[in-house]
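# Structural overview for review
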Amino acid sequence: MRRLLLAGVTLAILLFAVAALAPAAHAEDDNVVFGDQLVKKVQELMRSDKVSPQTKACLSCHVQYTPGIVYEWANSKHAQATPAEAADLYKAIGAAEWADKIADKFKNYPYVVGCYECHGMFKVQDRPDVIENHFGYKIVTIVTKKDCSQCHPKEAAEISWTWHATGALHSPFLPWYRGILAWAKKQGANPFGDVKAKQLYLKYLPPYLLKQRDKDEVDWDFYKDIAKAVMEYLETGRENDIVKMLKQATGMVTPYDMDFKNWISPLWPASGVLNTTVLSRLGIKITVTTMDGKVSKPISNIMEHPYFRNGYIYHACGECHGTIVVPYKKETVQLRGLTVNRVALWGWPNNGAARVDPDGSIGTCTACHDRHLFSLKQARKPWTCGRCHLGYDHPHIEIYEESAHGNIEHAYGEKWNWETLPWHVGSDFNAPTCATCHISTIATPDGRIVVKGTHDLENRLVWDEMHFFSIPKGIIPDKVQLALFYGWSQLAGKAEDIEAHKNPNAPPEYRYPVFMGFKIVEGPAPGETKFPRLLKIEYSGELAKHREEMKKVCKLCHSSQWADNFFRTADQNIIDYDIVAKFAYGLLQLSWKEGIADPTNKLDEFPEIMWYYIWHHQGRRWRNGAMMMGPDYAHWFGIVDTVMEALGKMTNWIALNLKVKMLQTELQSLKAAAGGKYTPELAAKIAQIEREIEALKAEIAALNAQVPALKSQLESVEGAAAEVDALKGDVSTLKTNVNELVKQLEELSKQLEAISPQAKNIEQVVEQIKQVTSQLQTLSSKTQEASARAEKASNEAKEASSKAGQALSIAEEISSKIDKLSSKIDSVATASYTLGGIALALAVIALGIAIVYRRG
C-alpha cells in the first residue's frame, strides 16, 4: 500500500513538473466570446474598478452609438491588462531592457487600457488634431505609433526602421516629400556636417542617419509643424514661413494639392501608359465624353482629360502604403442627435502601414493589429500579411499557401495556440507563418528562447527582392535620404556601384547605402562531377548575421544541412536573376540609344513596359518563389514569364525595329541613287506597297499581342480548338495579303527592270514568295487538322504531340526559306519589308500552334 501511495505521489509530482514546463495555453479562443457571454463581459467591465472613470464615461455613450467598437475592445487583452503589465511581456520574450522605456505615467497606472488611455493620454500634447472639448474630455481621434510607443517602445522603435514606416513618403507623396527634403538640404541640413548642419538635419528630416537602429524610434517631427501651419492656413488664409516654404519647395501646400495623374514613376506604371507620348507624336486624338455627356474633349492620352484624376491611389496605393493625414479645420457637427466637436481630417480613415500622422509619427501599428481587438492571433495569421503582400508583383501569400508550410497551417492551424508569448515551436504550432520567420520570438517547448523577436523586418533578410537588380537590403529605409546624401538610388543602384557611393563622413555602420559583406565564389566547373555544382555566396559582417538569424528559425524544424542546402540553391536564383535583369536593362538602353524608343516617358513603349514586367512583376515572382518554396511561382509565373514572355518579346521587338530601321536607311539610299527618276505610275505603286507593308506590320503586332492570351486560355482541348480556329482566320488573312503582294510585286518587277539593273533577280524572288504562300496554305491545313484532333478526347494527346513536331518542322523549313530570301533583297527594300513581316507572322503562328498541340 505504501509502495502504491509512493508511486502515486511520484506520478503526481512528475505530472506537476511536466505541467510547469509546458507553455501556458492562453489560447485566444478562451478569452474571445460572443453573444450573451460578451454582453455580460461588457457589463462586468462597466462595473469593474479596473476600468478608469474616464473610460467608463466613454463606454456609457459609445455602447449606444458605436457598439461594435465597445464589444470588440471588451474581447481584447487591453481590457484585461494594465499598461504596467507590458513589462512582463518584455521579460517573457527575453527583452527586459525595454521595460524601463515604458512611459513613466503608465508604469504604476492602476487601470486597464481603455478608450481614455489611448485617445486621452496621447503622447504629443501640442499636435494640431487635438479636440479640446469632446463632452468634457481632451482627446484625439487618431491613436498613433507614438501613442502606442508609450507602452510598446520596442516595437515602435523597430518598425520605424523598416520600409513599412516610409512607404507613404515613397509612393504617392514622393514628389511633395522630395521637394521638402531638397529644400532642407539647401538650407544646410547635413547629418555628416558641422553642429549647425546636424541641427538642421534633425529639425527637418526623419533622422535616420543620426539615430541608432533598433534602439531609437524615428519619426518625422517636422511634419507636426507642417500640419499645424497647413491647418492655420486653411482656416485663416495666413501664410507663415512653413507655408511659404512649402509653396517654394513643392509648388503646393498640402500633398493632396498635387495632381496625382501627372506623376510618372516606375512604381506607378498606370501613369506611364496613361500619359503616353506615342499618339501625340503621330498627331492622333480620340474624343472622350464623360458619362453625364457634359464634358467632351479630344485627347492624345488619358491624362489630358480634365475629369481623370487617378483616384485609385486612395484605395490601391494608400490602403497598403498609407496616407499623409492632414487636419484642415475644427468644426461642430450634429451626429445622431448630439452636438459633437471634431477636427476634420483628410487622408483618413486609413490604416496603411506607413501612414504619416499629425504628431509626426511615421508608420502605424493598426496596419497589422486591427482596432480594437489588437489581437496577437490575428497578427500572426498569414492573411494579415497577405492583405498587402499578394498579387502580381509580390504574391507572398499565394507562394506561402502553395508551400508545404502553408499547407500544414491550413490543415492544423485552427488547433494552434496563437496567443502564447513566447511562441513555442512544436507544442504551440508545427509550421511557420509569415510572423514566425520574420517577427516572432520563438522558444522550445520547455521555454528556452532560441530566436529573439523583432519588428525590424530586415533583421532576418539579406536580399532586396523588390527592385531592378540583386542588391542587399538597405541600411536606411528612407530612399530619398540615400539619394540626397549618398547620390545612390535604391531603385536603379547596383551592388558594384556601392563603393563609389559610400560616405566616408558617415558613422561606420551607415557608411554604405546597403548592408555589405558578400562575395561570389565559383563552384565546380561545368561537367565536373562534384557537388554542389552551383556558385556560392559567402557572407560576412551584417549580412552574415541576417542570414544566420533566418537559419535559426529554419533549424527549429530542419537539419543544418537542409537549411544550408536550401539557401545555397536559393542564392543561385538571386545571381541568375541579376544577370537576366542586367541583360534586359542593357537592351532597354540600346532601344533608347538607337532611337527606336523614346526615354522622355520611360513607361509607355513596348520595351519599357516589358522591362517593367521583368523587374517589378515576373522577376519578383521568380525570386520570391525560390526563397519561399513556391515552385510554381519560381518557374511558371517567375522565370518562364520573365524570360519566355517579357524578355523574349522585348528582344524580338528590338531586333525587328532595328531591322526596320536598317531597311529604311537602305530604302532611302536606293531612292537617292535613283536620283528621283521615277515615273508617276511607279512612284504610286511603291507608295501603295509601302502602305500594304504597314498594314501587314499592324496585323503582325496584333498576332504578337495574342501570345499571352493563348498561354492563359489554352487550358483544355476544347479551348485549344477555339484558338486554332482563330489562328486559321489569321493564316487565311495573311495568305490573302501575301497573294495580293505577289501580284503587285510581279507588276512592280516589270517596271523596275526599266530603271534598276539590280532587279534581275526579282522574278526569282517572286517565285520563292509564291513558295512561301504555298507553305502558308500547308500550314493552314495543318491548323485545320489540329482543330479536328482537338475535338477528340485526351487519348489522342500523343498523336497531337507528334503532329506538333511536324508543324514546327514545317515552320523551321519556311524559316529557312525566308533566310535564303533575305539575302537576295538588298536591291528591293519593299520586298524586304514584306519578307520580314511574313517571317515574324510565321514565328508567332508556329508558337501558337506549338502551344495548342502541346496543351492538347
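Nothing here was measured: the structure is a model prediction, and the numbers come from that model.

### Details of the sheet that holds strand E7 (residues 423-424)
With respect to topology, 3 strands assemble into an open sheet ordered E7-E8-E9, the strand pairing being mixed. Each edge of the open sheet carries a strand with a single partner, namely E7 and strand E9 (449-451). Looking at chain direction, E7 and strand E8 (residues 442-443) are connected through 2 bridges and run parallel. Within E8, the position partnered with Trp423 by the bridge is Ile442.

### Quick look at the nonpolar core
Residues Trp176, Leu205, Trp220, Tyr223, Ile226, Leu246 and Tyr486 are the most contacted members of the largest nonpolar core, which totals 85 residues. Those residues in contact with Trp176 that lie beyond four places of it in its chain are Trp220, Tyr223, Ile226, Leu246, Thr250, Met252, Val253, Thr254, Pro255 and Ile324. Judged by nonpolar contacts, the second largest core, of 24 residues, contains Tyr577, Leu587, Leu588 and Leu647.

### Section: the packing of aromatic side chains
Scanning the entire structure with this criterion turns up 42 aromatic pairs. With centroids separated by 6.4 Å and ring planes inclined at 80 degrees, the aromatic side chains of Trp176 and Tyr223 adopt a geometry described as edge-to-face. Of this pair, Trp176 sits in helix H11 (residues 174-186) while Tyr223 is found in helix H13 (residues 221-236), placing the two residues 47 residues apart along the sequence. Note on Trp176: relative accessible area 0%, which makes it buried. Positioned above the aromatic ring of Trp423, the side-chain terminus of Arg380 is 4.2 Å from the ring centre. The residue whose ring lies beneath Lys602 is Trp592, and the NZ or CZ to ring-centre distance is 5.6 Å.

### Observations regarding the environment of Pro306
Looking at the secondary structure, you find Pro306 in the loop between strand E4 (296-299) and helix H17 (313-321). C-alpha separation for the pair Pro306 and Val295, spaced 11 residues apart in sequence, amounts to 8.7 Å. Not counting the four nearest positions on each side in its chain, Pro306 is found in contact with Lys261, Val295 and Lys297.

### Quick notes on H11
Helix length check: H11, at 13 residues, gives a terminal C-alpha distance of 18 Å against a target of 18 Å (1.5 Å per residue), a fit within 8%. Inspection of H11 places Leu174, Trp176, Tyr177, Gly179, Ile180, Leu181, Trp183 and Ala184 among the buried residues, and these make up the whole buried set.

### Digging into the side chain of Thr384
Its place among the elements puts Thr384 in helix H19 (residues 382-386). Exposure remark for Thr384: the relative accessible area of 9% places this residue in the buried category. From its side chain, Thr384 meets the backbone oxygen of Gln378 in a polar contact 2.3 Å long.

### Focus on the pattern of salt bridges
Should the charged atoms of two oppositely charged side chains come close, the side chains can pair. Tallied over the full model, the rule gives 34 salt bridges. Here Asp129 ties to Arg127 by a salt bridge, and the two come within 2.7 Å at their closest N and O atoms. Owing to a relative accessible area of 3%, Arg127 belongs among the buried residues under this scheme. Between Glu499 and Lys502 there is a salt bridge whose closest N-O contact spans 3.1 Å. A relative accessible area of 32% places Lys502 in the partly exposed class. Among the ionic contacts, a cluster of salt bridges with common partners joins Arg127, Asp129, Asp147 and Asp359.

### A word on the pairing of strand E1 (residues 131-134)
Note that E1 and strand E2 (residues 137-139) share 2 bridges and pair antiparallel. Looking at the pairing, Ile131 lines up with Ile139 of E2.

### Regarding the state of the cysteines
Taken as a whole and judged by the stated rule, the model has 0 disulfides. The thiol of Cys151 is unpaired, and the distance to the nearest cysteine sulfur, on Cys118, comes to 7.6 Å.

### Remarks on the environment of Gly406
Along the chain, Gly406 turns up in helix H21 (residues 404-412). Overall, the relative accessible area of 4% leaves Gly406 in the buried class. The spatial distance from the C-alpha of Gly406 to the C-alpha of Cys434 is 9.7 Å, given a sequence separation of 28 residues. Setting aside its immediate chain neighbours within four residues, Gly406 contacts Tyr400 and Glu401.

Basis of the calculations
Residues numbered from 1 in each chain as written. Predicted model: local features only at pLDDT ≥ 70, side-chain atom pairs only at ≥ 80, totals over all residues. Heavy atoms only, no water. Pairing = 2+ DSSP bridges. Helix = DSSP H or I, 4+ residues; strand = E, 2+ residues; numbered from the N terminus. Core = buried A, V, L, I, M, F, W, Y, C linked by side-chain atoms within 4.5 Å. Buried < 20%, exposed > 50% of the residue type's maximum accessible area, 1.4 Å probe, protein only. Contact = heavy atoms within 4.5 Å. Phe/Tyr/Trp six-rings, centres within 6.5 Å; stacked < 30°, edge-to-face > 60°. Lys NZ or Arg CZ within 6 Å of the ring centre and 35° of its normal. Expected span 1.5 Å × (residues − 1). Polar contact = N/O pair within 3.5 Å; in protein donor to acceptor, adjacent residues only side chain to side chain. Salt bridge = Lys/Arg side-chain N within 4 Å of Asp/Glu carboxyl O. Disulfide = S-S within 2.5 Å.

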